[in-house]
Amino acid sequence: QQQVRQSPQSLTVWEGETAILNCSYEDSTFNYFPWYQQFPGEGPALLISIRSVSDKKEDGRFTIFFNKREKKLSLHITDSQPGDSATYFCAAMLSGSFNKLTFGAGTRLAVCP
Amino acid sequence: GPKVLQIPSHQIIDMGQMVTLNCDPVSNHLYFYWYKQILGQQMEFLVNFYNGKVMEKSKLFKDQFSVERPDGSYFTLKIQPTALEDSAVYFCASSLRQNSGNTLYFGEGSRLIVV
């Protein structure tokens, strides 16, 4: 049973477009949601995160939209660049759980020039 | 930025043998983690470790698994004996603190193939 689901599995956009990556979760106790970016051959790196008390978090071209009622969130990457091509993992945890993250299976993003 | 180093990057091992995966965490970090990723699936939490002790472990952390960090050296994951289903990429991570919002830094992973 997957606690965190991501869609689509893979996504291709053109340079300059907005990429939208979706994530949903089942455990309503989760209250912290980081997104990790992973390039081939590297480990995942924290990109941006949001707490459940917020419905939006923005950092440059990256924005998380969070809907607590529907237990859904999405990562929007505006003005996508070829350098954004990577796998993006949505994760979730309960504060105080010793950083026990539950990860989704990832969305592989390709940005074509 | 801060780096977590993992050694080896790849290892092929015969079923039943012992393997030790090594992790050099970020220098001032106090909390250490192992995650397991089977090919094509999500990363799954195995264990976290603080002050010489396992704080929490998942059901994936079988009896054949053990972790330690002797004298502030490498943080290690040992599997003895290995089984075919242990084939996966194992990611080590570290953090300064354990609360949410405290960034986990991941290594590049150790790919283990058990044959």
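On a predicted model such as this, the values are computed, not experimentally measured, just so you know. (Residues numbered from 1 in each chain as written. Chains lettered and ligands numbered in written order. Predicted model: local features only at pLDDT ≥ 70, side-chain atom pairs only at ≥ 80, totals over all residues. Heavy atoms only, no water.)

**Quick look at the overall build of chain A**
At step 1: When you go through chain A residue by residue, the secondary structure sums to 0 helices and 11 strands.
At step 2: A compact globule built from 113 residues would reach a C-alpha radius of gyration of about 13 Å, and chain A, at 13 Å, matches this within 12%.
At step 3: For chain A, the C-alpha atoms occupy an extent of roughly 40 × 30 × 25 Å along the three principal directions.
At step 4: Here chain A holds 113 residues, and the buried ones make up 45% of them.
At step 5: Contacts in chain A between residues at least 24 apart in sequence constitute 54% of all its contacts with a sequence separation of at least 6.
At step 6: Total accessible area on chain A is roughly 5,500 Å²; 47% of this is exposed by carbon and sulfur atoms.
At step 7: Once the 11 positive and 11 negative side-chain charges of chain A are each reduced to a mean point, those two points are 10 Å apart. (Helix = DSSP H or I, 4+ residues; strand = E, 2+ residues; numbered from the N terminus. Rg over C-alpha atoms; globule rule 2.2 N^0.38 Å. Buried < 20%, exposed > 50% of the residue type's maximum accessible area, 1.4 Å probe, protein only. Contact = heavy atoms within 4.5 Å. Areas by Shrake-Rupley, 256 points an atom, 1.4 Å probe, with all protein chains shown as cover. Lys, Arg positive; Asp, Glu negative; His and termini not counted. Charge placed at Lys NZ, Arg CZ, Asp CG, Glu CD.)

**Things to note about the sheet that holds strand β7 (residues 62-67) of chain A**
Whether parallel or antiparallel, the strands of a sheet pair through hydrogen bonds between backbone atoms.
Residues and elements named next belong to chain A.
At step 1: Read from one edge of the open sheet, 5 strands run β1-β3-β8-β7-β6, paired in antiparallel fashion. Here the strands that pair on one side only, and so sit at the sheet edges, are β1 (4-7) and β6 (56-59). The sheet shows a mean angle of 15° between the axes of neighbouring strands, taken without regard to direction.
At step 2: One ladder, built from 4 bridges, connects β1 with strand β3 (residues 19-25); its direction is antiparallel. Following the sheet pairing, valine 4 is matched in β3 by tyrosine 25. (Pairing = 2+ DSSP bridges. Axes fitted to C-alpha atoms, helices over the stretch in contact; angles between N-to-C directions.)

**Things to note about the interface of chain A and chain B**
The figure often quoted for interface size is the accessible area lost as the parts come together.
At step 1: Each side of the interface is counted separately: chain A has 22 residues, and chain B has 22 residues.
At step 2: For the pair chain A and chain B, the summed buried area comes to about 1,900 Å², and 55% of that belongs to carbon and sulfur atoms.
At step 3: The interface formed by chain A and chain B holds 1 salt bridge in total.
At step 4: Among the salt bridges present, the one from Glu56(B) reaches Lys100(A), with a minimum N-O distance of 3.4 Å.
At step 5: If you tally residues by element for the side of chain A that touches chain B, the top one is strand β4 (residues 32-38) of chain A, at 3 residues.
At step 6: Class assignment for the residues of the side of chain A that touches chain B results in 10 nonpolar, 9 polar and 3 charged. (Buried area = accessible area lost by both parts, 1.4 Å probe. Salt bridge = Lys/Arg side-chain N within 4 Å of Asp/Glu carboxyl O. Nonpolar A, V, L, I, M, F, W, Y, C, P; charged D, E, K, R; others polar.)

**What about the packing of aromatic side chains?**
Any pair of aromatic rings gets described here by the distance separating the centres and the angle formed by the planes.
At step 1: With the rule as written, the count across this model stands at 16 aromatic pairs over all chains.
At step 2: With a centroid separation of 5.4 Å and an interplanar angle of 90°, the aromatic rings of Tyr36(A) and Phe106(B) are classed as edge-to-face. In this pair, Tyr36(A) sits in strand β4 while Phe106(B) sits in strand β10 (residues 105-106), so the two residues belong to two different chains. The residues Tyr36(A) and Phe106(B) share a single accessibility class, namely buried. (Phe/Tyr/Trp six-rings, centres within 6.5 Å; stacked < 30°, edge-to-face > 60°.)

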